[in-house]
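Listed below are the residues making up each chain.
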Amino acid sequence: MEKLNTVEGIVAPMDRPNVDTDAIIPKQFLKSIKRSGFGPNLFDEWRYLDHGEPGTDNSGRPLNPDFVLNQPRYAGANILIARENFGCGSSREHAPWALLDYGFRVVIAPSYADIFFNNCFKNGILPIVLPVKDVDTIFNEIAETEGYQLRVDLASQTISKPNDDKIQFEVDEFRKHCLINGLDDIAMTLEHVDDIKAYEQRRAQQAPWLFN
Amino acid sequence: MAKTLYDKLWEPHVVRDNGDGTCLLYIDRHLVHEVTSPQAFEGLRLAGRKPWRVDTNLATPDHNVPTTDREKGISDPVARLQVETLEENCRDFNITEFTMDDIRQGIVHVISPEQGATLPGMTLVCGDSHTSTHGALGALAFGIGTSEVEHVLATQCLVQKKSKAMLVKVEGEIPDAVTGKDIILAIIEKIGTAGGTGYAIEFAGKAIRDLSIEGRMTLCNMAIEAGARAGMVAVDDKTIDYVKGRPYAPSVNMWEQAVADWQSLVSDNDATFDKVIELDVEQMQPMVTWGTSPEMVTSIDSVVPAAKSFADTVKQEGVSAALKYMGLKENTAIEDIQLDKVFIGSCTNSRIEDLRAAAAVAKGRKVADNIKLAMVVPGSGLVKQQAEQEGLDKIFIEAGFEWREPGCSMCLAMNADKLEPGERCASTSNRNFEGRQGQGGRTHLVSPAMAAAAAVKGHFVDVRKL
């Protein structure tokens, strides 16, 4: 997993609540057995005017000019700001893979669906929860300012605005540690092999039918 | 201290407390399918790791499999590669798989309870959000992403933070034609699709106890549509009767010990919950969704709501966008909505009781002329076999339904079963998101009997009026 410390860049606004993982990456792209290459199909059904299938050359497809990521002012965005319950629906990790492959390292929203939120951290994406009023303000500032950028610093848990205003955000200590150091969860769990084995021995006595 | 059912499921599975709010939680059962596992197996190989406990894994292809002409194999090469990759991974790592030609193949959330591979008191995970289904048997079951699939394979554990506990109490006598599906849709209407975020939901009350185990599976299946990763129902005699005699159930010499353990899997009387929601089932009607989120739902005797009837502006905009996508006008009677297709199936509603309920409506009737396709997709090969033994297939076929092979099918339209742009479908599945059943497709979620009634009328109708 790629380390995440500071992210600075253009912020793209996704101005609708309950953006689900089917919208983030439509199901036809889940047939892949790889975890890369989903970026060109991020938000596929909103982003293009035609229907996309895996293996299609996306460069020649007609773009939906109204879709936010197709507007030149948001080209190269690496921070996404969204509304309530972002990432609801399926558990597909293809959703954070697609966001990451497109170039997003930070998402900001008032709330997320649990599984998506969890999946982000495991893929080097920082999902930040901010109060609705702060999110509203950023949406308004983006609308007013072409090329609007934010600077997110994970170590100090601070978002810096172009006018130097700062917003503090909360993040779980363990997840922060993993993101900053790019740590693999499995290797960390395997440091507790003895605990797992002891648990299994104990549990097999209490509930032997689970070990048959 | 008094404990909730959730406490009683969580605590015996804690391997270690990490001291930072997370625990290492032991996983008793891991279900594997073709879509969310290939990258996990690849990760295992790259790291030179092996599955920690092979016997806890059970695999089957379901999302991508065709529901017709099985003997011809899978024509879509991308889908075929994914299913073949699952076979290869299961073979290489010695994991039991019910392949496409096995009668036990089907939707993971149907086959695991059917086999007795889901047991009360278990922790069960799968790379699929509808894993909440298994909570119906008094298990702690939740969906995970692919990184966690790899984590479970490699360590038999997950790093988890305990959720808050919510009690949803549904009291009263269940009215005729109201099902587990209608109850969960009514709950989602009340608390919203994010109402359960951060919670594990226990469903309780007389109406829940009165549901069959399959009805409880439908209920728990859609806990995730209320935002909760896990839904659960306390163990009672129905639970134990359901499990008894199934292939993966405890053997005779351990049965009494297991049952004694399972009988404790109920919330203590004085247990406290972080949140309690109460509903009265007696006022409920069959439910129909009208929008692009499961919370956009109303009863069959109602109308499509007006955007301005909602309080906040973000919600109003969401409703306007949904009605535009759905091609619906405000204040249209739900019964006046004309349909193009009908889908009976999915991990929500493809079990034998669902098929019986739909067949009871279809019997002696014909699918309406305006319905281009009405299809019934059993949840597993064994459900299909049972239905055929009962003659349900003949009832459906005579009425003009197509009788298909088991799989996820048009719930998410990864295979050939999908809606064309603008087509409107009465579906027994779980998600009415934009494009879920095919790009531009319009989904209305209903119970199996209501879907069958819609098929024979060509529009929604209260099944009690037929």
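As the structure is a computational prediction, the values presented were derived from the model and not from experiment.

So, how was this worked out
Residues numbered from 1 in each chain as written. Chains lettered and ligands numbered in written order. Predicted model: local features only at pLDDT ≥ 70, side-chain atom pairs only at ≥ 80, totals over all residues. Heavy atoms only, no water. pLDDT = per-residue confidence, 0-100. Contact = heavy atoms within 4.5 Å. Buried area = accessible area lost by both parts, 1.4 Å probe. Salt bridge = Lys/Arg side-chain N within 4 Å of Asp/Glu carboxyl O. Helix = DSSP H or I, 4+ residues; strand = E, 2+ residues; numbered from the N terminus. Nonpolar A, V, L, I, M, F, W, Y, C, P; charged D, E, K, R; others polar. Axes fitted to C-alpha atoms, helices over the stretch in contact; angles between N-to-C directions. Parallel < 35°, antiparallel > 145°, perpendicular 65-115°, else oblique. Left-handed = near helix turned anticlockwise from the far one by under 90°. Pairing = 2+ DSSP bridges. Buried < 20%, exposed > 50% of the residue type's maximum accessible area, 1.4 Å probe, protein only. Core = buried A, V, L, I, M, F, W, Y, C linked by side-chain atoms within 4.5 Å. Disulfide = S-S within 2.5 Å.

Enquirer: Residues and numbers for the confidence of the model for chain B, please.
Expert: The predicted structure's coordinates, where accompanied by low pLDDT, should not be read in detail. When the pLDDT values of chain B are averaged, the result is 97; 100% of them are 70 or greater. Complex prediction metrics read pTM 0.95 and ipTM 0.95.

Enquirer: If you had to explain the interface of chain A and chain B to someone new, which residues and values would you point to?
Expert: With 58 residues of chain A at the contact, the number on the chain B side is 75 residues. When chain A packs against chain B, the two sides together hide about 5,400 Å² of surface, and 55% of this comes from carbon and sulfur. Considering only the side of chain A, the residues that lose the most area to chain B are K31(A), I33(A) and W209(A), jointly responsible for 15% of the buried surface there. Seen at the junction of chain A and chain B, the total is seven salt bridges. With its nearest N and O atoms 2.6 Å apart, the salt bridge here joins K31(A) to D76(B). Among the elements of the structure, α2 (44-47), α3 (94-102), α4 (114-121), α7 (185-189) and α8 (193-206) of chain A are those that each provide at least two residues to the side of chain A that touches chain B. Here the side of chain A that touches chain B takes ten residues from α8(A), the largest share from any one element. Its residues placed into classes, the side of chain A that touches chain B shows 19 nonpolar, 16 polar and 23 charged.

Enquirer: Explain the packing of helix α12 (residues 352-362) of chain B against helix α14 (residues 392-399) of chain B residue by residue, including any values.
Expert: Residue and element names in this part refer to chain B. At a closest axis distance of 9 Å, the pairing of α12 and α14 adopts a crossing angle of 45°. Here α14 runs oblique to α12, going by the angle between their axes. The interaxial crossing formed by α12 with α14 has left-handed handedness. Contacts between α12 and α14 involve I352, L355, R356, A358, A359 and A362 from the former and L392, I395, F396 and A399 from the latter. For the contact of α12 with α14, the class distribution of residues is nine nonpolar, no polar and one charged.

Enquirer: Can you tell me about the sheet that holds strand β12 (residues 275-280) of chain B, naming the residues and giving the values?
Expert: All names here are of chain B. Sheet architecture is open: four strands sit in the order β11-β10-β9-β12, paired in parallel fashion. Bordering the open sheet on either side are β11 (230-233) and β12, each of which pairs with just one other strand. Strand-to-strand twist across the sheet, computed as the mean angle between neighbouring axes with direction ignored, equals 20°. Against the sheet, helix α8 (residues 213-221) engages β10 (199-204) and β11, with an angle of about 155° to β11.

Enquirer: Before we move on, can you summarise the pairing of strand β19 (residues 442-445) of chain B with the specific residues and values?
Expert: Residues and elements named next belong to chain B. Both faces of β19 are covered, namely the face carrying R442 and H444 and the face carrying T443 and L445. Bridge analysis of strand β18 (residues 424-427) against β19 gives four bridges, and the strand direction is parallel. Residue pairing for β19: C425 is matched across the bridge by T443.

Enquirer: A description of the nonpolar core should follow, citing residues and the corresponding values.
Expert: Judged by nonpolar contacts, the single largest core of 111 residues is most densely connected at F43(A), F86(A), L126(A) and F401(B). Examining the composition of this core, we find that seven residues originate from one element, helix α15 (residues 448-457) of chain B, more than from any other. In this view, L126(A) contacts L4(A), R105(A), V106(A), V107(A), F121(A), V152(A), L154(A), F169(A), V171(A) and L179(A); residues no more than four positions away in its chain are not counted. One finds V168(B), I188(B), I191(B) and I208(B) within the second-largest nonpolar core, a separate group that totals 86 residues.

Enquirer: An account of the state of the cysteines is needed here, citing residue identities and associated values.
Expert: Residue and element names in this part refer to chain A. Counted under the stated rule, the structure contains zero disulfides over all chains. With no disulfide of its own, C88 lies closest to C120 among cysteine sulfurs, the gap being 13 Å. Overall, the relative accessible area of 8% leaves C88 in the buried class. Free of any disulfide, C178 has its nearest neighbouring cysteine sulfur in C120, separated by 14 Å. Assessed through its relative accessible area of 5%, C178 is described here as buried.

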